[in-house]
Amino acid sequence: MFEKLKAMNFWQFFRYVVVGGLNTLLSLAVYYLGLGWLQLPYQAASALSVAVGILVGFKAHGALVFKSEGSFVRYVLIWTTIYLGNILLIALVRDVTGDYWAPVILLPVTTMLAYVLLKRFSFKQ
């Protein structure tokens, strides 16, 4: 029984990483499209990117990862909290890592934290 539960959690986390990776690529594409094609300032391109990422991510995580309808409000609150926390962590490590590498180095922490919070609070079964 325990082995089956462990295997289910592994595959669920694996799906989470794949879906999150694809969602990240989509968000970056929207960001660069906003900057280049739409000629938006980076703040607007970033806001558009986050909005698309949240909308697509909520549906994709619910359907493909957690197999649950979930709570959209909680999903937004979780990602807002993670975003703010990430900004604080970047501020702490950026002197050592630089602005471009800080989020990459923090990605494992962000990924694990988001998975746990989404599973417990947004898509709890």
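Residues numbered from 1 in each chain as written. Predicted model: local features only at pLDDT ≥ 70, side-chain atom pairs only at ≥ 80, totals over all residues. Heavy atoms only, no water.

*Asks:* How should I be thinking about the overall build of the chain in this particular structure?
*Replies:* In terms of helices and strands, the chain carries four helices and zero strands. Its helices and strands taken in sequence order, the chain reads α-α-α-α from the N to the C terminus. Overall, the chain is about 55 × 35 × 20 Å in size when its C-alpha atoms are taken along their principal axes. Residue burial in the chain is summarised as follows: out of 125 residues, 26% are buried. If you take every contact in the chain between residues at least 6 apart in sequence, the share linking residues at least 24 apart comes to 63%. Total accessible area on the chain stands at roughly 8,700 Å², and carbon and sulfur atoms take up 74% of it. Of the side chains in the chain, 10 bear a positive and 4 a negative charge, and the two mean positions are spaced by 13 Å. (Helix = DSSP H or I, 4+ residues; strand = E, 2+ residues; numbered from the N terminus. Buried < 20%, exposed > 50% of the residue type's maximum accessible area, 1.4 Å probe, protein only. Contact = heavy atoms within 4.5 Å. Areas by Shrake-Rupley, 256 points an atom, 1.4 Å probe, with all protein chains shown as cover. Lys, Arg positive; Asp, Glu negative; His and termini not counted. Charge placed at Lys NZ, Arg CZ, Asp CG, Glu CD.)

*Asks:* Would you mind showing me how to read the environment of Phe-13 here?
*Replies:* The topology assignment puts Phe-13 in helix α1 (residues 2-36). With relative accessibility at 23%, the residue Phe-13 sits in the partly exposed group. Along the chain, Phe-13 and Thr-111 lie 98 residues apart, while their C-alpha atoms are 9.8 Å from each other. Filtering out sequence-adjacent residues up to four positions away, Phe-13 remains in contact with Thr-111, Met-112 and Tyr-115.

*Asks:* Please explain the packing of aromatic side chains as it appears in this structure.
*Replies:* The way to describe two aromatic rings as a pair is by their centre distance and the angle between their planes. Inspection of the entire model under this criterion finds 15 aromatic pairs. With 5.1 Å between their ring centres and 80 degrees between their planes, Phe-58 and Phe-72 make a pair best called edge-to-face. A residue pair is termed long-range when its members are at least 10 positions apart, and Phe-58 in helix α2 (residues 42-66) and Phe-72 in helix α3 (residues 72-97) qualify at 14 residues. A relative accessible area of 36% means that Phe-72 is categorised as partly exposed. With 5.9 Å between their ring centres and 75 degrees between their planes, Tyr-75 and Phe-123 make a pair best called edge-to-face. Here Tyr-75, found in helix α3, pairs with Phe-123, found in the segment after α4 (102-122); they are 48 residues apart in sequence, far enough to count as distant. The class of Phe-123 is buried, set by a relative accessible area of 1%. Through a chain of ring-to-ring contacts, three or more aromatic side chains come together here, namely Phe-13, Tyr-16, Phe-58, Phe-66, Phe-72, Tyr-75, Trp-79, Tyr-115 and Phe-123. (Phe/Tyr/Trp six-rings, centres within 6.5 Å; stacked < 30°, edge-to-face > 60°.)

*Asks:* Can you help me understand the layout of surface pockets in this one?
*Replies:* If a probe the size of a water molecule is rolled over the atoms, the empty space left behind becomes visible. Roughly 1,600 Å³ of volume is contained in the largest pocket. Thr-24, Leu-28, Val-50, Tyr-83 and Asn-86 are the residues nearest the centre of the largest pocket, which is lined by 36 residues in total. Contributions of two or more residues to the lining of the largest pocket are made by α1, α2, α3 and α4. Along the lines of polarity and charge, the residues of the lining of the largest pocket split into 21 nonpolar, 14 polar and one charged. (1 Å grid on protein atoms, 1.4 Å probe; cavity = no way out; pocket = protein on both sides within 12 Å on 5 of 7 lines; lining within 4 Å. Points joined across faces, edges and corners; volume = space filled by probe spheres on them. Nonpolar A, V, L, I, M, F, W, Y, C, P; charged D, E, K, R; others polar.)

Remember that the coordinates give geometry; whether it matters functionally is a separate question.
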